[in-house]
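Per-entry structural report
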Amino acid sequence: MSKQYSNPLNIAATEFDFEDVERFFDSSDCRWKLRPGITRSLSMQDQRLSVQSGGAQPAAGVFYRPDALGGLGFDHLFTSNMADGWDSLLVSISAHARKRCVAIRYAEPDIREFKVLHAGECVRVIQAIKDGRRWEFHSTGEAFEFEEQDFYGNRWKKNRLPWPLLVRYFKCCTGFALSDPDIFRSDGEVLRVLERRA
């Protein structure tokens, strides 16, 4: 059964572009039983997708170049309908392209995560996740200078990675401000990826 989240957001800034994504799916590194459907199209709409958990719907994602200004080497954004942000896809493309990716996940009531990948390796992960009735807090990798580590000692684990902190971390790493109204808009080409099932 699918679970719907309140105010969900899965977004990743990538150094890899449309061609890197297409090359991955055409390569021997792609070991998927069925190659996903990949389409390029012009889009002038909001790129957000409704987030679910569980497998009731096929996984779907969109890579796009936002109207918002970013920088710091990240030109493209990715969003998906999966509660895990379609993490396996991002890790695989990052490894194949040997490029960086910065992702955040936030969904009430039980997910907060900041992740930095380089060449498919997780160089930094910070997460607060509700597992059943208990909150767990984990961090791996070396902390970045911009991290506000005082938060990690908060008595309440769910408050160790609040939304405003994720927004600041994302901007420090990628240059993209999640408060920018154009962050989910693209007046250009987008690349959609849709899981295929047998």
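For every chain, the first residue of the written sequence is number 1, and numbering continues from 1 along that sequence. Note on the predicted model: pLDDT of at least 70 is required for a residue's local features to be given, and 80 or more for side-chain atom pairs to be given and counted; whole-chain, interface and lining totals, by contrast, use all residues. By convention in this description, side-chain values take in all heavy atoms of the structure and omit both hydrogens and water.

**So, the overall build of the protein**
To qualify as a helix, a DSSP run of H or I must reach at least 4 residues; to qualify as a strand, a run of E must reach at least 2; elements of each kind are numbered from the N terminus. Within the protein, the regular secondary structure consists of 3 helices and 11 strands. Only C-alpha atoms enter the radius of gyration; for comparison, a globular chain is expected to reach 2.2 Å times N to the power 0.38, where N is the number of residues. Taken against the 2.2 N^0.38 rule, which gives 16 Å for 198 residues, the C-alpha radius of gyration of the protein at 16 Å falls within 12% of a compact globule. With respect to the principal axes defined by its C-alpha atoms, the protein has extents near 45 × 40 × 30 Å. Any residue under 20% of the maximum accessible area for its type is buried, any over 50% is exposed, and the rest in between are partly exposed; the area is computed with a 1.4 Å probe on protein chains only. Of all 198 residues assigned to the protein, the portion counted as buried reaches 47%. Any two residues having at least one pair of non-hydrogen atoms within 4.5 Å are treated as being in contact. Within the protein, residue pairs in contact and separated by at least 24 positions form 67% of the contacts whose partners lie at least 6 positions apart. Accessible area of the protein: about 10200 Å², with a carbon and sulfur share of 48%. Charge centroids of the protein, computed over 28 positive and 28 negative side chains, lie 6 Å from each other. All accessibility values rest on the Shrake-Rupley procedure with a 1.4 Å probe; residue burial counts only the protein chains present in the view. Lys and Arg are tallied as positive, Asp and Glu as negative. Neither His nor the chain termini are counted. Where a charge lies is defined by one atom per residue type, namely NZ (Lys), CZ (Arg), CG (Asp) and CD (Glu).

**Focus: the environment of Ile93**
Position of Ile93 among the secondary structure elements: in helix 2 (residues 87–97). Excluding its chain neighbours within four sequence positions, the residues that come into contact with Ile93 are Phe16, Asp20, Val21, Phe24, Phe63 and Arg98.

**Description of the packing of aromatic side chains**
By convention, a stacked pair of Phe, Tyr or Trp rings (six-membered ring in the case of Trp) has centres within 6.5 Å and planes under 30 degrees apart, an edge-to-face pair has planes over 60 apart, and any other such pair is tilted. Under the defined criterion, the tally for this structure stands at 9 aromatic pairs. Ring geometry for Tyr106 against Trp163: centres 5.3 Å apart, planes inclined by 55°, an arrangement best described as tilted. Of this pair, Tyr106 sits in strand 7 (residues 100–108) while Trp163 sits in helix 3 (residues 163–174); the two residues are 57 residues apart in sequence, bridging distant segments of the chain. Through pairs of rings, three or more aromatic residues link up here, namely Phe114, Phe144, Phe146 and Tyr169. A ring is scored as having a charge over it whenever the NZ atom of a lysine or the CZ atom of an arginine sits within 6 Å of its centre and within 35 degrees of its normal. Geometry around Trp156 places Arg155 over its ring, the cationic atom sitting 4.8 Å from the centre.

**Digging into helix 2**
When we look at burial in helix 2, the residues that qualify are Leu89, Leu90, Ile93, Ser94 and Ala97. Viewed end-on, helix 2 has its buried residues packed into an arc of 125°, placing them on one side of the element. The arc in question is traced by the directions running from the helix axis to the C-beta atoms.

**Digging into the nonpolar core**
One finds Ile11, Leu77, Ile104, Phe114, Phe170, Leu178 and Ile183 to be the most contacted residues of the largest nonpolar core, which totals 30 residues. Here the element with the most residues in this core is helix 3; it accounts for 6 residues. Dropping the residues within four chain positions of it, Ile104 is found in contact with Leu9, Asn10, Ile11, Glu113, Phe114, Trp163, Leu166, Phe170 and Leu178. We define the nonpolar core as a collection of buried residues of types Ala, Val, Leu, Ile, Met, Phe, Trp, Tyr and Cys that are connected through side-chain atoms lying within 4.5 Å of one another.

**Side note on the environment of Leu77**
Here Leu77 lies in strand 6 (residues 76–80). Note on Leu77: relative accessible area 0%, which makes it buried. Expressed as a C-alpha distance, the spacing of Leu77 and Phe63, which sit 14 residues apart in the sequence, is 5.7 Å. Aside from chain neighbours lying at most four places away, what touches Leu77 is Ile11, Ala12, Ala13, Val62, Phe63, Tyr64, Pro66, Phe170, Phe176 and Ile183.

**Overview of helix 3**
Working rule for helices: expected span equals 1.5 Å times residues minus one. Compared with an ideal rise of 1.5 Å per residue, which puts 12 residues at 16 Å, helix 3 spans 16 Å between its outermost C-alpha atoms and is within 8% of the ideal. Buried residues of helix 3: Leu165, Leu166, Val167, Tyr169, Phe170, Cys173 and Thr174, and no others.

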